[in-house]
Amino acid sequence: MICGRSERAMPPVEPVTLKILVAGGFGVGKTTLVGAVSEIRPLRTEESLTEAGRPVDDTSGVEGKRTTTVAMDFGRITLREDLVLYLFGTPGQQRFWFMWDELSEGALGAVVLADTRRLEDCFAAVDYFERRSIPFTVGVNCFEGADRYPADAVRQALDLDTDVPVLLCDARDRESVKEVLIGVVQHAMEYAADRRRAVIV
């Protein structure tokens, strides 16, 4: 009797895990973005806005906002069997910026979420990642009722280098957010390859 050779079971794939930051101004949709795409229940550190915080939290343009992130948001998404992203949403207010250095440790790249009604609110995040040579993609969160601008107009307004991707998105929509995250990973890989080539030359 000839026994059929049983196929060897393939060992499970050990996924590569990458850390991505989600930054931007106060009320731009960072918590919403992480929650929309996370395959686990996202960790949130939101607290209610108080009267004491009114002098320091500028709610112009986001008057309906009732809570704020005081530490970070955390979520996870599997893009492929062998690729998992850990998402860390940074707090938007200036008084919490001291936490950014710790959160950015070991990050592959970042999403700078922008609101065209308050575009100046994302300048600090753009400057932060440029100064630290952390590759980033700008995700323009298209709020209902807000004017829509082409990506090139946003790039010019933010004075971005031509290689920085600018993508229009809806922070509430999982597929839209996935496209932005894929864009970050691709940009970060190209950025790393360019730096390696520059060292060799």
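Predicted model only: the values in this text are computed from it and were never measured. Counting of residues starts from 1 at the beginning of each chain's written sequence and follows it residue by residue. Residues qualify for local features only when their pLDDT is at least 70, as the model is predicted, and side-chain atom pairs are given and counted only at 80 or more; totals for whole chains, interfaces and linings, by contrast, use all residues. In computing side-chain properties, one takes all heavy atoms of the structure into account and sets aside hydrogens as well as water.

## Regarding the overall build of the chain
Starting at the N terminus, helices and strands are each numbered in turn, a helix being any DSSP run of H or I of at least four residues and a strand any DSSP run of E of at least two. A tally of regular secondary structure across the chain gives five helices and eight strands. Mapped in sequence order, the helices and strands of the chain form the string β-α-β-β-β-β-α-β-α-β-α-β-α. Relative to its full complement of 201 residues, the chain shows a buried share of 42%. Residues are treated as being in contact if the distance between any of their heavy atoms lies within 4.5 Å. Long-range pairs, those at least 24 residues apart, make up 72% of the contacts in the chain between residues at least 6 apart in sequence. On the chain, roughly 11900 Å² of surface is accessible, and the fraction owed to carbon and sulfur atoms is 52%. The buried label applies to any residue whose accessible area, calculated with a 1.4 Å probe on protein chains only, is under 20% of its type's maximum; exposed applies above 50%, and partly exposed to all values in between. Methods summary: accessible areas were calculated by the Shrake-Rupley approach with a probe of 1.4 Å, and residue burial reflects only the protein chains presented.

## Considerations on the pattern of salt bridges
Close approach of charged atoms lets side chains of opposite charge pair. We count a salt bridge whenever a side-chain nitrogen from Lys or Arg sits within 4 Å of a carboxyl oxygen from Asp or Glu. Taken as a whole, this structure holds 11 salt bridges when the rule is applied. Salt-bridge contacts for R131 lead to D127; the nearest nitrogen and oxygen are separated by 2.8 Å. Of this pair, R131 and D127 both sit in helix α3 (residues 123-131), separated by four residues, roughly a single helical turn. By sharing partners, the salt bridges in this structure join D115, R117, R118 and D121 into a single network.

## A word on the pairing of strand β4 (residues 73-80)
In summary, the side chains of a regular strand alternate between the two faces of the sheet. Note on pairing: DSSP must find at least two bridges between two strands before they are called paired. With seven bridges joining them, β4 and strand β5 (residues 83-89) adopt antiparallel strand pairing. Bridge assignment links T78 to a residue of β5, and that residue is V84.

## Considering the nonpolar core
As used here, the term nonpolar core means buried Ala, Val, Leu, Ile, Met, Phe, Trp, Tyr and Cys residues forming a set that is joined through side-chain atoms within 4.5 Å. Within the largest apolar cluster, 25 residues are counted, with the highest numbers of intra-cluster contacts made by L21, V112, F129, F136, V138, L158 and L160. Elements that contribute at least two residues to this core include exactly β1 (16-24), α2 (100-104), β6 (109-114), α3, β7 (136-141) and α4 (151-158). Examining the composition of this core, we find that four residues originate from one element, α3, more than from any other. Setting aside residues no more than four positions away along its own chain, F136 makes contact with A110, V112, V126, F129, E130, L160, V164, P165 and H187. The next biggest cluster of nonpolar side chains, apart from the first, holds 20 residues, and it includes V34, C169, A171 and V184.

## Quick word on the pairing of β6
Burial analysis of β6 places six of its six residues in the buried class, which makes it a mostly covered element. Of the two faces of β6, the one carrying G109, V111 and L113 and the one carrying A110, V112 and A114 are both buried. As paired elements, β6 and β7 share five bridges and run parallel to each other. The residue of β7 that forms the bridge with L113 is G139. Convention used here: a crossover is right-handed provided that the path from the first strand, over the helix, to the second strand proceeds clockwise when the strands point away from the viewer. Taking the sense of rotation as the criterion, the β-α-β connection linking β6, α3 and β7 turns out right-handed.

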